[in-house]
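Understanding the architecture of this molecule
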Amino acid sequence: MCGIFGYTGEKKAAPLVIDGLKRLEYRGYDSFGLAVLDSDLWVWKKKGKISREKPPVSRRKGRTAIGHTRWATHGEPSDTNAHPHTDCRGSVAIVHNGIIENYASLRQELLGRGHTFRSETDTEVIAHLIEEHSGGDLLTAVRAILPRLEGSYAILAVAEGYEGIVAARQGSPLVLGIADRACVAASDVTALLDHTDRVIYLEDGDVALLLPPGPTIWHGGKRADRPVRKVDWEVEEVRLGGFAHYMLKEIYEQQSVFSTTVRALYAEPVPDVLKDISGITLVACGTSYNASLLCQYLVEEYCGIPVRAEIASEFRYRTPPGDDLVVGVTQSGETADTLSALKKARMHNHATLVITNVLGSTATRVADHTLYMRAGPEISVAATKSFVAELAVFFYIADVASGGRLRQSILSGHEAIGEALLEDLSPAVDICKDAGSIFFVGRGPFFPLALEGALKMKEITYIHAEGYAAGEIKHGPFALLSPMTPVVALCPQAESYPAMVSNIREMKARGVPLIVIGDGKSQELRDIADVLVPLPGEDIVSAVLGSTVLLQLLAYRTAEALGREIDQPRNLAKSVTVE
Ligand code: M6R
């Protein structure tokens, strides 16, 4: 969702802020802007993408600037609604990530006192509230007005005649970076890597003044010490490195991601939180939910422990059972629905664990325990390598809880990923690219994979796709089957194979174009399928990983054939920080 970036230091700030905003583009946005502090305060903002709109900053020499990429919530995407927002006199500029829930009443109050509003946003009230404290300095003014704000925010503020940037955080992510004779701030670490690997994660309620050599932080009126952490991601990891898209790069990284995650997990003693579990409730969204559902099948099958996977946004309407360990699964560690679910579990006195990819993310501070998935920075909106890293963690949990039943297959799992990457999917892409709607079907652990295949396909190709338990198709969706609705069926050599074959025969009889992912040597599958995509490996780990990669590549190649904007699909954000 929205991204913020700020720089204050010895260099010309505007180009650095534009570069920082480019690093945040992956979060999803519809407009952007920046404010540069010079002898005066210069603000420029625009609807559209940074690469097309080219901000005219060549004459801006100021060494302090803030910028924003906006994903519209209050007010349509437009030049006026883009951030930064200013007060009536244009002497204070604000960028904001989050939602000010009481903005309507604040706006009425401020209008009543003669303020003039230019935008429809919730954010603009902040600039006008600060204006009312213009007798003091910016830091004092920001600290004075924060108690008036209800909702969530990460804010950067600058003001004419005031040195540095004031930052504040409540419920929305904000990371500070300590660089060489500069201080930087951003919504996430990936945007800071060009400047530094030394970062400070602000806590909710923190206010900071950014000035080189480092920020000063206050909490509840007192000075606060926050640890400086070293980020182990490299700047090269957030570069494209010759690939056409981050999604493709991240798909190709999965072999090493799987091995790295597995190696790191087995290198340490089994965490205490995973010992003697009587039940697990997993809470997650999107791709992380699909991985969690797969965990449900795996752990129940191999360990006999009851597991339920819950959509995090629905968890608020459920009561966590017994003394389940509640596990939040979230690549970003910032997904609002997952954070709320974890908070609810804590309120009900459940032990909580988060499985996340981002060191220092909010989820790691909400949950009692953390397991890192070590996928490295994931830039494409479509989650790929984080899914595989989540699977690595779940295979590991199933293995340790079952006394090592999966160990050998896990250690060779990366080979199936490598083999799947070599498949030519053109015949399948030719079928999918002209489809009006696509069904993905599977049984057992391959049902969550069908959900994931459909999610990938719809989010980056914009073709309607549905994932279904194969046996469920005849209970309604059969009515939709036609030569315009291809079916992608996952048919590994598993317990479900005979039932899957019956299901796909039934679908084929309704005239669907049929893409089967299964044993490439099977004459039976060859006879039924229009396209048979060979699935590498024979054990459950290889079949799951191989299917995953094939489904990701099918979506990617179809989106490529359709000329879609693959890394930043329309209307989507990488990390969804509102409920
Ligand atoms: O960061 P999280 O894992 O919590 O994100 C959850 C979903 O928003 C995310 O997986 C989303 O579904 C992906 N864009 C799908 O590719």
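Higher on the page you've got the structure.
What counts and how
Within any chain, residue numbers begin from 1 and follow the written order of that chain's sequence. Side-chain atom pairs in this predicted model are given and counted only at pLDDT of 80 or more, local residue features only at pLDDT of at least 70, and totals for whole chains, interfaces and linings cover all residues. With hydrogens and water excluded, all non-hydrogen atoms of the structure serve as input to the side-chain values. Salt bridges are counted wherever a side-chain nitrogen of Lys or Arg sits within 4 Å of a carboxyl oxygen of Asp or Glu. For the purposes of this entry, the term helix denotes a DSSP run of H or I that reaches at least four residues, the term strand denotes a run of E that reaches at least two, and both are numbered from the N terminus. For every residue, the accessible area obtained with a 1.4 Å probe (protein chains only) is divided by the maximum for its type, and the residue is called buried under 20%, exposed over 50%, and partly exposed between those limits. Multiplying 1.5 Å by the helix residue count minus one yields the expected span of that helix. Whether a residue is near a molecule or strand is decided by its heavy atoms; if any one of them lies within 4 Å of it, the residue is near. Pairs of N or O atoms are called polar contacts if they sit within 3.5 Å, as long as, within protein, a hydrogen donor faces a hydrogen acceptor (for residues adjacent in sequence, only side-chain-to-side-chain pairs). Residues are sorted three ways: Asp, Glu, Lys and Arg are charged, Ala, Val, Leu, Ile, Met, Phe, Trp, Tyr, Cys and Pro are nonpolar, and all the rest, Gly among them, are polar. Here, any two strands with at least 2 DSSP bridges between them count as paired. To get an axis, fit a line to the C-alpha atoms, keeping to the stretch in contact for a helix; angles then go from 0 to 180 degrees between the N-to-C directions. Any angle between 65 and 115 degrees counts as roughly perpendicular, while under 35 counts as roughly parallel, over 145 as roughly antiparallel, and the rest as oblique. In this analysis, two residues are considered to be in contact whenever any of their non-hydrogen atoms come within 4.5 Å of each other. By the definition used in this description, the sense in which the near helix is turned from the far one sets the handedness, with an anticlockwise turn below a right angle giving left-handed and a clockwise turn giving right-handed.

Let's talk about the pattern of salt bridges
- The tally for this structure, following the rule as stated, stands at 27 salt bridges.
- Residue Asp204 is joined to Arg169 by a salt bridge in which the shortest nitrogen-to-oxygen separation is 2.8 Å. Within this pair, whereas Asp204 is found in the loop between strand S11 (198–201) and strand S12 (206–210), its partner Arg169 is found in strand S8 (residues 165–170), the two being separated by 35 residues in sequence.
- Under the relative-accessibility criterion, Asp204 is labelled partly exposed at 30%.

Quick word on helix H16 (residues 446–461)
- An ideal rise of 1.5 Å per residue puts 22 Å on 16 residues; H16 measures up with 22 Å between its terminal C-alpha atoms.
- Most of H16 sits inside the fold, with 13 of its 16 residues counted as buried.
- Just downstream of H16 lies Tyr462, where phi reads positive at about 70°.

Focus on the site of the ligand
- Around the ligand lies a shell of 14 residues, among which Ser288, Thr330, Ser332, Thr335 and Glu459 are the nearest.
- Between the ligand and Ser288, the relevant distance is 2.6 Å, taken from an oxygen atom to a side-chain nitrogen or oxygen of the residue.
- At 2.9 Å from an oxygen atom of the ligand is found a main-chain nitrogen or oxygen belonging to Ala383.
- Elements supplying a minimum of two residues to the shell around the ligand: helix H8 (286–303) and H16.
- Of the residues contributing to the shell around the ligand, the split by class is 5 nonpolar, 7 polar and 2 charged.

What to know about the pairing of strand S6 (residues 92–100)
- Taking burial as the measure, the 9 residues of S6 include 9 buried ones, the bulk of the element.
- Direction of pairing for strand S5 (residues 85–86) relative to S6: antiparallel, over a ladder of 2 bridges. Bridge assignment links His85 to a residue of S6, and that residue is Ile94.
- Count of turn residues in the S5/S6 antiparallel hairpin: 5 residues, of which Gly90 carries a positive phi of about 70°.

Focus on the sheet that holds strand S3 (residues 41–47)
- The 8 strands are arranged S3-S2-S4-S1-S10-S9-S11-S15 in an open sheet whose pairing can be described as antiparallel. Looking along the sheet, the strands with just one partner apiece sit at the ends: S3 and strand S15 (229–230).
- Pairing geometry for strand S1 (residues 3–9) and strand S4 (residues 64–70), over 6 bridges, is antiparallel. Across the sheet, residue Gly6 finds its bridge partner in S4, namely Ile66.

With respect to the packing of H8 against H16
- As a packed pair, H8 and H16 sit with axes 8 Å apart at the nearest point and diverge in direction by 170°. With respect to their mutual orientation, H8 and H16 come out roughly antiparallel. Two secondary-structure elements touch here, H8 through Gly286, Thr287, Asn290, Leu293, Leu294 and Tyr297 and H16 through Phe447, Pro448, Leu449, Leu451, Glu452, Leu455 and Lys456.
- Each residue belonging to the contact of H8 with H16 can be placed in one class, and the counts come to 8 nonpolar, 3 polar and 2 charged.

Considering helix H14 (residues 413–421)
- Buried residues of H14: Gly413, Ala416, Ile417, Gly418, Ala420 and Leu421, and no others.
- Contacts made by the buried residues of H14 are with helix H6 (246–252), helix H7 (254–267), helix H12 (385–401), helix H13 (407–411) and helix H19 (540–561).

Considering the side chain of His83
- Take His83: it is sitting in the loop between S4 and S5.
- A distance of 3.5 Å separates a polar atom in the side chain of His83 from a polar atom in the side chain of Thr123.
- The residues touching His83, leaving out its near neighbours within four places in the chain, are Phe32, Gly33, Leu34, Lys45, His68, Arg70, Ile94, Val95, His96 and Thr123.

Focus on the environment of Thr356
- Note on placement: Thr356 falls in strand S19 (residues 352–356).
- Considered as a pair, Thr356 and Val381 are 25 residues apart in the sequence and their alpha carbons are 16 Å apart.
- In this structure Thr356 touches Thr330, Gln331, Ser332, Gly333, Ser361, Thr364, Thr370, Leu371, Tyr372 and Met373, once residues within four positions along its chain are discounted.
- There is a polar contact of 3.5 Å between the side chain of Thr356 and the backbone nitrogen of Gly333.

Topic: the packing of H8 against H12
- Interhelical geometry of H8 versus H12 gives an angle of 20° and a closest axis separation of 9 Å. By the angle between their directions, the pair H8 and H12 is classed as roughly parallel. Considering how the two elements wind past one another, H8 and H12 form a crossing that is right-handed. Contact residues: H8 offers Thr287, Ser288, Asn290, Ala291, Ser292, Leu294, Cys295, Leu298, Val299, Tyr302 and Cys303, while H12 offers Phe387, Glu390, Leu391, Phe394, Phe395, Ile397, Ala398 and Ala401.
- Looking at the contact of H8 with H12, its residues break down into 14 nonpolar, 4 polar and 1 charged.

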